[in-house]
Amino acid sequence: MSVTAVESRPPGVLDSSTRNRPFGARVKAFIALTKPRIIELLLMTTIPVMFLAAQGVPDLTLVLVTCVGGYLSAGGANALNMYIDRDIDALMHRTEQRPVVTGMVSPRECLAFGITLAVVSTLMLGLLVNWLSGFLALGALLFYVLVYTMLLKRRTSQNIVWGGIAGCMPVLIGWSSVTNEVSWAAVILFMVMFFWTPPHYWPLSMKVKDDYARVGVPMLPVVAGNKVVANQIVIYSWVMVGTSLLLWPLGYVGWFYPVVALLAGGLWLWEAHALRARARAGLTGAKLKEMRLFHWSITYVSLVFIAVAIDPFLR
């Protein structure tokens, strides 16, 4: 009589022994822990603000150090997020291939990696840029890990609203890296990102709400219907566009930025209202087309912040 061994690990989880984890794949896994695609967006808001703060081209070495330090800080936050959320990541389709879930990186390695990046990034920004920027980056990391991931994410449908504060901090870091202070211009752009985050993320949450429902994470689309979510998206969108235009009357920008912000904001509002119309009509699935707004939201923030960088040269 023969006995067949049964694999006890969940599907997709690798053997944790080092010999079954190739070096190249391990390097890619540690990079994946930092969520590079998300950090690209954070740097898209950091660099243009440095141009506005400098009213021209900032010191390029300062830009490089700020970006590297900001990447390491955000990467540390993302790694710690994956360490804490590894239980639900294993049950969600969109996260089931993350390095800790597959076993390419062990939980202990992930924790040590995240803490190391947090320490290195804070010291790097503090010693090579200024301590205000270093502490702002550390504050963003702690807020994302302790407040969003550990406190809000699994308890309230407003998780992404307040948790998004961490993603707004690169604006303040970019400004402070040049001026060693925070001005109203930086606060306005911070608020633009604050009001941008929910209508940016909620369409994606609508798309994958079954994933969140499966693990008990109360994202707004899980606990409310599409009509409610779409209404909230429209409200936040109007406030976001209005806030983006405040830089002009307050004298921080010339004519170029408000023109771009108004045109890009107008297209955003068109998409937001179109999504609400489809939701009100009861459309679901592919017909809801919620990802149109999600993809446009990335284009929108790129255009607005590129305009922030270009405007000082046209005044």
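Just so it is clear, the structure is predicted and the values come from calculations on it, not from any experiment.

Enquirer: Just checking my understanding: could you explain the layout of surface pockets for this structure?
Expert: To locate leftover empty space, one rolls a probe as large as a water molecule over the atoms. A volume near 170 Å³ is recorded for the second largest pocket. As for the second largest pocket, its lining consists of Met-206, Lys-207, Val-208, Lys-209, Asp-210, Asn-226, Thr-284, Gly-285, Ala-286, Leu-288 and Glu-290. Residues of the lining of the second largest pocket, tallied by class, amount to four nonpolar, three polar and four charged.

Enquirer: How should I be thinking about the packing of aromatic side chains in this particular structure?
Expert: As enumerated under the stated definition, the model contains 10 aromatic pairs in all. Chaining the aromatic ring pairs together yields one cluster made of Trp-162, Phe-194, Phe-195, Trp-202 and Tyr-236. Against the face of Tyr-83 rests Arg-86, its NZ or CZ located 4.4 Å from the ring centre.

Enquirer: Could you clarify how one ought to interpret the packing of helix α7 (residues 131-152) against helix α9 (residues 165-179) in this entry?
Expert: When two helices pack together, their arrangement is given by the angle between their axes and by how far apart the axes lie. Relative orientation of the contacting elements α7 and α9 amounts to 175 degrees, with a least axis distance of 9 Å. In terms of their interaxial angle, α7 and α9 are classed as roughly antiparallel. Contacts between α7 and α9 involve Leu-132, Ser-133, Leu-136, Ala-137, Ala-140, Phe-143 and Tyr-144 from the former and Ile-165, Ala-166, Met-169, Leu-172, Ile-173, Ser-176 and Ser-177 from the latter. Taken together, the residues of the contact of α7 with α9 break down into 11 nonpolar, three polar and no charged.

Enquirer: Any chance you could explain the environment of Met-219 here in plain terms?
Expert: Topologically, Met-219 is positioned in the loop between α11 (209-215) and α12 (220-223). For the pair Met-219 and Val-65, spaced 154 residues apart in the sequence, the C-alpha separation amounts to 36 Å. Not counting residues up to four positions away in its chain, the partners in contact with Met-219 are Tyr-148, Ser-157, Asn-159, Tyr-201, Ser-205 and Tyr-212.

Enquirer: Whenever I open this one, the confidence of the model for the protein chain confuses me. Can you help?
Expert: Low-pLDDT portions of the prediction should not be read for the details of their coordinates. Across the protein chain, the average pLDDT comes to 92, with 94% of residues at or above 70. Considering only residues more than four positions removed or in separate chains, one finds that residues 1-12, a stretch of pLDDT under 50, has three contacts.

About the criteria used
Residues numbered from 1 in each chain as written. Predicted model: local features only at pLDDT ≥ 70, side-chain atom pairs only at ≥ 80, totals over all residues. Heavy atoms only, no water. 1 Å grid on protein atoms, 1.4 Å probe; cavity = no way out; pocket = protein on both sides within 12 Å on 5 of 7 lines; lining within 4 Å. Points joined across faces, edges and corners; volume = space filled by probe spheres on them. Nonpolar A, V, L, I, M, F, W, Y, C, P; charged D, E, K, R; others polar. Phe/Tyr/Trp six-rings, centres within 6.5 Å; stacked < 30°, edge-to-face > 60°. Lys NZ or Arg CZ within 6 Å of the ring centre and 35° of its normal. Axes fitted to C-alpha atoms, helices over the stretch in contact; angles between N-to-C directions. Helix = DSSP H or I, 4+ residues; strand = E, 2+ residues; numbered from the N terminus. Parallel < 35°, antiparallel > 145°, perpendicular 65-115°, else oblique. Contact = heavy atoms within 4.5 Å. pLDDT = per-residue confidence, 0-100.

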